[in-house]
Amino acid sequence: MTKTVNILGATGSIGRSALDVLSRHRGEWRVRAIASGSRVRELAEAAAACGAEAAAVADPALKDALAAELRARGLATEALAGPEALCTIAGDRGADAVVLAASGAAGLPQAFAAARAGRRMLLANKESVVCGGALLQSEIRRHGASVFPVDSEHSAIFQCLAAATPGQRASAVIWLTCSGGPFRTRLDLSNVTIEEASTHPRWKMGRKITVDSATLMNKGLEVIEARWLFDIPAERIRVVVHPESVIHSAVAYCDGAVMAELGVPDMRTPIAVALAWPQRIESGAQPLDLLHMKPLTFEAPDTQRFPLLAMAYEALREGGGAPIVLNAANEVAVEAFLGGRIPFLSIAEVCRRTLEQVHFGSPDSPEEILEDDRRAREAARGLIDSSLR
Ligand SMILES: NC(=O)C1=CN([C@@H]2O[C@H](COP(=O)(O)OP(=O)(O)OC[C@H]3O[C@@H](n4cnc5c(N)ncnc54)[C@H](OP(=O)(O)O)[C@@H]3O)[C@@H](O)[C@H]2O)C=CC1
Ligand SMILES: CC(=O)[C@@H](O)[C@H](O)COP(=O)(O)O
Ligand SMILES: [Mn+2]
């Protein structure tokens, strides 16, 4: 029988890769609904290509524009708009799976909606795991939802842990691999350009995550993501720089065995894993040719030049609202950097100062998380504005 899937963030890098994988399995999978932030033309094009029954934009003011784009392509796709419509799509019990691939904390309500509806969650949006913390995990368990990580490292860890017993997991150590980003060997980061920070050495991704990889904040977010997705404390999560991005992460067991997942850097592989698990399906990714592979190298991350990685560990240790504050400050600072308002090095500085300034306890609801997120953003923007005066 054909299965159905909804995709949040369908116009983005992950969303397009997911549509590509699905297009190879039209007999088994049908796309039911897709959603994006504001780019209505791209969303309508995606609807035309995948035949979605409904399409939604987060911006409520764009409903008519979306409807016009759909009509212009002769589509009967229903046009929806607004954050509630996106949550309805995320929690749609008529879909067998939902791909959560919005960028940033904007994806948080969608993750909670999917969790509360007990969905099969194909989870790319790491910010929702970072901000949702223990609360999101408890909602996932309470409502019988299941999470299949799409983030490449977490997909690797998921596969390396798949056969582990609870006893084996209890002492397992996660090796989270990190490309090192575009500035791994660059000593002076004071004159980094937007273009340089927006070019990843191995992966083609959205702009925000690409800058996060350049600051190593991406790895910091991934440490927090791994802590919650695998219920493993920070002390047993280690980061290793592996510039070739062939080993996507590894798990070390107490007997000395280390399980790793390898592959070419292509997000269609983790998407296919998440979609089909425990089966495996063709993804379109090239096979890894072990005979012609360059040497694999490893080094320790430099937390002096890239302090955001250490800040993420600290935020995790501090707990409460600290990861929410760090994430919010980072989103604001990255946006300011990409807008040409602050230099690259100020991203970490804005995060550090916001963490010093703003403290919240553990949130009790997604609404409280969003309120903490809003207040942290306000503080980060204040710091940026005062630094520009
Ligand atoms: N790209 C990658 O290879 C990887 C990405 N990830 C994670 O996946 C997520 C998506 O990343 P990526 O695809 O690169 O990002 P992109 O910037 O390429 O795409 C972001 C998507 O989110 C949509 N969007 C924007 N605002 C909202 C909103 N309020 N609600 C719903 N959707 C919204 C955008 O729509 P619009 O086009 O209309 O703006 C777009 O479809 C991030 O959390 C990232 O960290 C994780 C691992 C790898
Ligand atoms: C593809 C993916 O999962 C990204 O998160 C990628 O890992 C970024 O690479 P680095 O953050 O290691 O540079
Ligand atoms: Mn990743």
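Residues numbered from 1 in each chain as written. Chains lettered and ligands numbered in written order. Predicted model: local features only at pLDDT ≥ 70, side-chain atom pairs only at ≥ 80, totals over all residues.

This paragraph deals with the pairing of strand 1 (residues 3-8). Sheet topology note: the strand 1/strand 2 (residues 29-36) ladder contains 6 bridges and is parallel. Among the inter-strand pairings, isoleucine 7 is bridged to a residue of strand 2, identified as isoleucine 34. With respect to chirality, the unit in which strand 1 leads through helix 1 (residues 13-23) into the neighbouring parallel strand 2 is right-handed. With 4 bridges connecting them, strand 1 and strand 5 (residues 97-100) associate as parallel partners. Residue pairing in the sheet places leucine 8 in a bridge with leucine 100 of strand 5. (Pairing = 2+ DSSP bridges. Helix = DSSP H or I, 4+ residues; strand = E, 2+ residues; numbered from the N terminus. Right-handed = clockwise from strand over helix to strand, strands pointing away.)

Our next topic: the packing of helix 10 (residues 207-215) against helix 11 (residues 217-229). At a minimum axis distance of 5 Å, the contact between helix 10 and helix 11 shows a crossing angle of 95°. Here helix 10 is positioned roughly perpendicular relative to helix 11, judged by the angle of their axes. Facing helix 10, whose interface residues are Ile209, Asp212, Ser213 and Thr215, helix 11 presents Met217, Asn218 and Leu221. For the contact of helix 10 with helix 11, a count of residues per class yields 3 nonpolar, 3 polar and 1 charged. (Axes fitted to C-alpha atoms, helices over the stretch in contact; angles between N-to-C directions. Parallel < 35°, antiparallel > 145°, perpendicular 65-115°, else oblique. Contact = placed C-beta atoms within 7 Å. Nonpolar A, V, L, I, M, F, W, Y, C, P; charged D, E, K, R; others polar.)

Considered domain by domain, the protein is made up of domain 1 (3-149) and domain 2 (319-389). Listed as interface residues are 11 residues of domain 1 and, on the opposing side, 10 residues of domain 2. At the level of secondary structure, the elements contributing two or more residues to the side of domain 1 that touches domain 2 comprise helix 5 (108-116) and helix 6 (126-142). Here the element with the most residues in the side of domain 1 that touches domain 2 is helix 6; it accounts for 6 residues. When its residues are assigned to classes, the side of domain 1 that touches domain 2 shows 7 nonpolar, 3 polar and 1 charged. (Domains from an automatic or database assignment.)

Moving on, we get to the sheet that holds strand 9 (residues 237-241). Within a beta sheet, neighbouring strands are joined by backbone hydrogen bonds and run either parallel or antiparallel to one another. Reading across the sheet, the 4 strands line up as 9-8-10-11 and stay open at both edges, with mixed pairing between neighbours. On the outer flanks of this sheet lie strand 9 and strand 11 (258-262), each paired with one strand and no other. Within the sheet, the average angular offset between the axes of one strand and its neighbour, ignoring direction, is 20°. Looking at chain direction, strand 10 (residues 247-252) and strand 11 are connected through 5 bridges and run antiparallel. Bridge pairing in strand 11 places alanine 250 opposite alanine 260.

The next point concerns the confidence of the model for the protein. Averaged over the protein, the pLDDT score is 98; the fraction of residues at 70 or greater is 100%. Predicted complex metrics record ipTM = 0.99 and pTM = 0.98. (pLDDT = per-residue confidence, 0-100.)

This part is about the site of ligand 2. Lining the immediate surroundings of ligand 2 are Asp151, Ser152, Glu153, Cys178, Ser179, Gly181, Trp203, Ser213, Asn218, Lys219 and Met267. The set of elements that each furnish at least two residues to the shell around ligand 2 consists of helix 7 (152-161) and helix 11. Looking at the shell around ligand 2 residue by residue, the classes come out as 3 nonpolar, 5 polar and 3 charged. (Near = placed C-beta within 6 Å.)

Residues tryptophan 277 and proline 278 are joined by a peptide bond in cis, for which omega reads 10°. With respect to the helices and strands, proline 278 occurs in the loop between helix 12 (268-276) and helix 13 (307-318). Not every positive phi belongs to a glycine, and leucine 216 is a case in point at roughly 70°. Inspection of the secondary structure assignment puts leucine 216 in the loop between helix 10 and helix 11. Of note, the phi angle at serine 245 is positive, near 50°, even though the residue is not glycine. Position of serine 245 relative to the elements: it lies in the loop between strand 9 and strand 10. What makes serine 245 partly exposed here is the crowd of 19 C-beta atoms within 10 Å. (Buried ≥ 20, exposed ≤ 12 C-beta atoms within 10 Å, placed from the backbone.)

Here, UniProt's "binding site: 1-deoxy-D-xylulose 5-phosphate" (unreviewed entry) annotation points to Lys126, Ser152, Glu153, Ser179, His200, Ser213, Asn218, Lys219 and Glu222. Residue position: serine 179 is located in the loop between strand 8 (173-178) and helix 9 (194-197). Judged by C-beta crowding, with 21 C-beta atoms within 10 Å, serine 179 ranks as buried. Those residues in contact with serine 179 that sit more than four places away from it in its chain are Pro201, Arg202, Ser213, Pro243 and Ser245. Following the sequence through the fold, histidine 200 ends up in the loop between helix 9 and helix 10. Residue class for histidine 200 comes out buried when judged on the 20 C-beta atoms lying within 10 Å of it. (UniProt positions renumbered as here; feature names shortened; annotations may be inferred.)

With that settled, the discussion passes to the site of ligand 1. Residues in contact with ligand 1 amount to 33 residues; listed here are only the nearest, Gly12, Gly37, Ala102, Met205 and Gly206. Its residues assigned to classes, the shell around ligand 1 comprises 14 nonpolar, 12 polar and 7 charged.

The sheet built from 7 strands is open, its strands ordered 4-3-2-1-5-6-7 with parallel pairing. Two strands in the sheet have a free side with no partner beyond their single neighbour: strand 4 (78-81) and strand 7 (146-149). Strand-to-strand twist in this sheet, taken as the mean axis angle between neighbours without regard to direction, amounts to 20°. With 3 bridges joining them, strand 5 and strand 6 (residues 120-123) adopt parallel strand pairing. Across the sheet, residue valine 98 finds its bridge partner in strand 6, namely methionine 121. Taken strand by strand, helix 4 (residues 83-90) contacts strand 1, strand 2, strand 3 (54-57), strand 4 and strand 5, and its axis lies near 150° from that of strand 1.

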